[in-house]
Amino acid sequence: MSDYRLLINGKLVAGAKSMDVINPATEEVVASCSRASEAQLNEAVAAAKSAFPAWSATPIADRKKVLNAIADAIEANAPDLARLLTQEQGKPIGDATGEVYGTAAFFRYFTMLDLPVKVIEDSEGKRVEAHRRPLGVIGAIVPWNFPLILMAFKLPPALLAGNTVVLKPAPTTPLTSLKLGELIADIVPAGVVNIIADANDLGAALTAHPDVRKISFTGSTATGAKVMAGAAGLLKRITLELGGNDAGIVLDDVNPKEAAPKLFQSAFQNSGQVCIAMKRLYVHESIYDEMCDELAAIANNTIVGDGLKQGTQLGPLQNKMQFDKVKELIEDSKKHGTVIAGGDVAEEKGYFIRPTIVRDITDGARLVDEEQFGPVLPVIKYSDADDAVARANASPYGLGGSIWSSDPARAYALAEKLDSGTVWINKHADLAPNIPFGGARMSGLGTELGEEGLAEFTQLKIVNMAK
């Protein structure tokens, strides 16, 4: 498809080095791609800085045309992008195709937004206006679980607001981002979008670069803290979408047979590698046994395999580091609970772990307290709903959570008590480009998506005039 070059100042250039990208289903090399040096990172930032005055002065209607043209290019190359995404990330081809078309849809959504001047006061003595101005160069750092759609949380609003961007994908999934650079090189004015790949060695330099005015980062809480520290010296704007340990709370009025498929999907989509996946499930004691049995049956019947093969429902873990971490958590969970589905990892090529259900486990076990980010779900018994909410809130994370009940009013009352950025009722992990998204506590800082997410890529400027 491509030789996977960097996009710097409108040109596709070879990296100072190259690096191999591994297919997690086969552990074989998908392709070699360009790897940027710090000097090339600096070139990309300089190009973005140089392009900023003209791009920020470009009428917003023309910026929207560029976003729509990017969406057109993504859709026109959707089959190739989806196949490449499956090869580097591991997810089933149907899910990859959905991510590609979803990425185009996110670009188109932001073309429906504007940044109008808002009049705060217009009285006899004064007129006060609120303007939204672009910030400058944005550093966008994207993780490996959704390389394209999470890029679309950042790039479209940044560009629409008049910023220029240096985009850095994760080292294990750079190919689709570099391919995007090839597709848009002749669409976007030179320097407005720059895409570099690294071996996990340029994040600190990008974060601390004096000419980068904002960092938009999605990834782990530990790395997010480093990003925050790196940005502190120059008081850069930051948006951090970080880890989560989302709790689902199932009340005693739920039918396990009806709810189990939805709960399973909430926990195991993308093999559990979703920041807002349900990562611990609290089930009322009166339906606990039946719910565990239903979830185990679904897990045992799930087809796990290479995402390019027809019928595959769950692919591998994306990389060996995550694979080893999840295996370790499974082994630890056997000391604290009962594995009723999965639990054993076959000696075969690929980072495959079957969906694993662990019952008779409770708070204090690593699988409950830590973010597993993999296909393992602890199911925890409770007797009092308020106690379940308190236990859910005891986590240092607060990205999302959900309440499941046949009584909407009862569920809503409990939802108000959950301390998280998003609370769902009778569903989980439902995101859309028009719905603001952000975490509480150690799950992040700031907001993505929606009008609020667009505003985060701007500087609020007040014009206060005497009459």
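Small disclaimer: the values here were computed from a predicted structure and weren't measured.

What counts, and at which threshold
Residues numbered from 1 in each chain as written. Predicted model: local features only at pLDDT ≥ 70, side-chain atom pairs only at ≥ 80, totals over all residues. Heavy atoms only, no water. Patch = residues over 30% accessible without salt bridge, like charges linked within 9 Å, V, L, I, M, F, W, Y side chains within 5 Å. Areas by Shrake-Rupley, 256 points an atom, 1.4 Å probe, with all protein chains shown as cover. Salt bridge = Lys/Arg side-chain N within 4 Å of Asp/Glu carboxyl O. Helix = DSSP H or I, 4+ residues; strand = E, 2+ residues; numbered from the N terminus. Buried < 20%, exposed > 50% of the residue type's maximum accessible area, 1.4 Å probe, protein only. Expected span 1.5 Å × (residues − 1). Contact = heavy atoms within 4.5 Å. Polar contact = N/O pair within 3.5 Å; in protein donor to acceptor, adjacent residues only side chain to side chain. Phe/Tyr/Trp six-rings, centres within 6.5 Å; stacked < 30°, edge-to-face > 60°. Lys NZ or Arg CZ within 6 Å of the ring centre and 35° of its normal. Core = buried A, V, L, I, M, F, W, Y, C linked by side-chain atoms within 4.5 Å. Pairing = 2+ DSSP bridges. Right-handed = clockwise from strand over helix to strand, strands pointing away.

(A) Examining a nonpolar patch on the surface more closely. A contiguous nonpolar patch, built from Ile120, Leu460 and Ile462 and spanning about 280 Å² of accessible area, is present on the exposed surface. Mapped onto the elements, Ile462 comes out in strand E22 (residues 458-466). With relative accessibility at 45%, the residue Ile462 sits in the partly exposed group.

(B) Representation of helix H11 (residues 320-333) within the structure. Here H11 contains 14 residues, and its C-alpha end-to-end distance of 20 Å stays within 8% of the 20 Å for a straight helix at 1.5 Å per residue. Along H11, the residues classified as buried are Gln322, Phe323, Val326, Leu329, Ile330, Asp332 and Ser333. Buried residues in H11 make contact with strand E14 (338-341), strand E15 (356-359), helix H12 (366-369) and strand E16 (376-382). Measuring from the backbone nitrogen of Met321 back to the side-chain oxygen at the start of H11 gives 3.3 Å, which picks out Asn319 as the cap.

(C) Broad picture of the packing of aromatic side chains. In total, this model carries six aromatic pairs according to the counting rule given. Considering the side-chain rings of Trp144 and Phe373, the 5.5 Å spacing of their centres and the 80 degrees angle between planes classify their relative orientation as edge-to-face. Here Phe373 lies in the loop between H12 and E16 and Trp144 lies in the loop between strand E7 (137-141) and helix H5 (155-160), a separation of 229 residues in the sequence. Judged by relative accessible area, which is 13%, Phe373 ranks as buried. Of the aromatic side chains, those joined through ring pairs into one cluster are Phe106, Phe153 and Phe437. The side chain of Lys214 reaches across the aromatic face of Phe457, ending 5.1 Å from its centre.

(D) Here's a closer look at the nonpolar core. Counting 88 residues, the largest nonpolar core has Phe107, Leu159 and Val166 as the members making the most contacts within it. Sort the elements by how many residues they give to this core and helix H4 (residues 93-110) lands first, with seven residues. Discounting chain neighbours no more than four positions away, the residues touching Leu159 are Trp55, Arg63, Leu67, Ile70, Val165, Val192 and Val193. Among the nonpolar cores identified, the runner-up in size contains 27 residues, and Leu251, Leu367, Val389 and Leu414 belong to it.

(E) The arrangement of the pattern of salt bridges in detail. The full count for this structure, using the stated rule, is 33 salt bridges. In this structure, Asp122 engages Arg127 in a salt bridge whose closest nitrogen and oxygen atoms are separated by 3.0 Å. Judged by relative accessible area, Asp122 falls into the partly exposed class, the value being 45%. Across the salt bridge formed by Asp386 and Lys417, the nearest N and O atoms sit 3.0 Å from each other. Here Asp386, found in helix H13 (residues 385-393), pairs with Lys417, found in the loop between helix H14 (408-415) and strand E19 (422-425); they are 31 residues apart in sequence, far enough to count as distant. The network of salt bridges with shared partners includes Asp122, Arg127, Glu129 and Lys467.

(F) Up close: the environment of Asp344. Residue position: Asp344 is located in the loop between E14 and E15. Accessibility expressed as a relative area gives 61% for Asp344, which makes it exposed. Remark: the alpha-carbon pair of Asp344 and Pro59, spanning 285 residues in sequence, is separated by 57 Å.

(G) Summary view of the pairing of strand E11 (residues 237-241). In terms of burial, E11 is a largely internal element, four of the five residues being buried. Across five bridges, the pairing between strand E10 (residues 212-218) and E11 is parallel. The residue bridging Ser216 from the neighbouring strand is Thr239, located in E11. A crossover links E10 with its parallel partner E11, the connecting element being helix H8 (residues 221-232), and its sense is right-handed.

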